[in-house]
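Residues per chain, in single letters:
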Amino acid sequence: MKTNALSLEFMNPYEVEIHYKRPLFSSMQKIASSLEATTVLRNYTDENVLDVKEFFWTIFLSRANKILGISTNASGTISGVIVNYREIIQLTLLSNASHIIVAHNHPSGVLQPSKDDKRITEILQKGLSLFDAKLLDHLILTSESYYSFADQGNL
């Protein structure tokens, strides 16, 4: 019986490995408020770009709200950014995060959330809950201030 190389390739299983090592617990910074999360993000990013175009960030947290890592998930235009929900959930699982805080900026300086901002929050809340993870806050940053969904009772 003759077998071609292509069919053999599909018969062999592929191995998937996940490697994770959290930072030393004593060195991990804790976030206890929206103001602290905003300060962390302002230190992480270049504030000179906040008025140029939209970005979307995620802070990954342990169950004790200690920072496991921060990711810039997307870079958009002056008027919007496309959020990759799959990537955010994937990074949440790979970093073994129990909680996350997401944030994006409004180059216009307007702090009110848009319909899309509210929809993004709802989708992430529902998606993360399937994996026993929680969205703690969605922040909107401007160069002058910030808006917190959690502080405003919208989360």
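Attention here is on the structure that accompanies the text. (Residues numbered from 1 in each chain as written. Predicted model: local features only at pLDDT ≥ 70, side-chain atom pairs only at ≥ 80, totals over all residues. Heavy atoms only, no water.)

It is worth spelling out the environment of histidine 138 at this point. Inspection of the secondary structure puts histidine 138 in strand S4 (residues 134–141). Along the primary structure histidine 138 and leucine 155 are separated by 17 residues, whereas in three dimensions their C-alpha atoms are 8.2 Å apart. At 2.6 Å, the side chain of histidine 138 and the side chain of threonine 121 are in polar contact. (Helix = DSSP H or I, 4+ residues; strand = E, 2+ residues; numbered from the N terminus. Polar contact = N/O pair within 3.5 Å; in protein donor to acceptor, adjacent residues only side chain to side chain.)

This part takes up the packing of helix H3 (residues 85–94) against helix H4 (residues 115–129). Remark: H3 packs on H4, axes separated minimally by 11 Å, with the N-to-C direction vectors making an angle of 40 degrees. Considered as vectors, H3 and H4 are oriented oblique to each other. For the element pair H3 and H4, the recorded crossing hand is right-handed. Side by side, H3 and H4 meet where Tyr85, Ile88, Ile89 and Thr92 of the first sit next to Arg119, Ile120, Ile123, Leu124, Gly127 and Leu128 of the second. The class makeup of the residues in the contact of H3 with H4 is seven nonpolar, two polar and one charged. (Axes fitted to C-alpha atoms, helices over the stretch in contact; angles between N-to-C directions. Parallel < 35°, antiparallel > 145°, perpendicular 65-115°, else oblique. Left-handed = near helix turned anticlockwise from the far one by under 90°. Contact = heavy atoms within 4.5 Å. Nonpolar A, V, L, I, M, F, W, Y, C, P; charged D, E, K, R; others polar.)

Moving on to the pattern of salt bridges. With the rule as written, the count across this model stands at four salt bridges. One salt bridge connects aspartate 132 with arginine 63, and the closest N-O pair in it is separated by 3.7 Å. Pair noted here: aspartate 132 is in the loop between H4 and S4 and arginine 63 is in the loop between strand S1 (55–61) and strand S2 (67–75), with a separation of 69 residues, a long-range link. No difference in accessibility class separates aspartate 132 from arginine 63, as the two residues are exposed. A salt bridge links glutamate 122 to lysine 126; the nearest nitrogen and oxygen atoms lie 3.3 Å apart. Remark: lysine 126 and glutamate 122 occur in helix H4; sequence separation between them is four residues, near one turn of the helix. Among the residues examined, glutamate 122 registers a relative accessible area of 45% and is labelled partly exposed. (Salt bridge = Lys/Arg side-chain N within 4 Å of Asp/Glu carboxyl O. Buried < 20%, exposed > 50% of the residue type's maximum accessible area, 1.4 Å probe, protein only.)

What follows is about the environment of threonine 38. Take threonine 38: it is sitting in helix H2 (residues 34–44). Look at threonine 38 and you get buried, because its relative accessible area is 2%. Placed 101 residues apart in sequence, threonine 38 and leucine 139 show a C-alpha to C-alpha distance of 7.6 Å. Once residues within four sequence positions are removed from consideration, threonine 38 is found in contact with Leu139, Leu141 and Tyr146. A polar side-chain atom of threonine 38 sits 2.8 Å from the main-chain carbonyl oxygen of serine 34.

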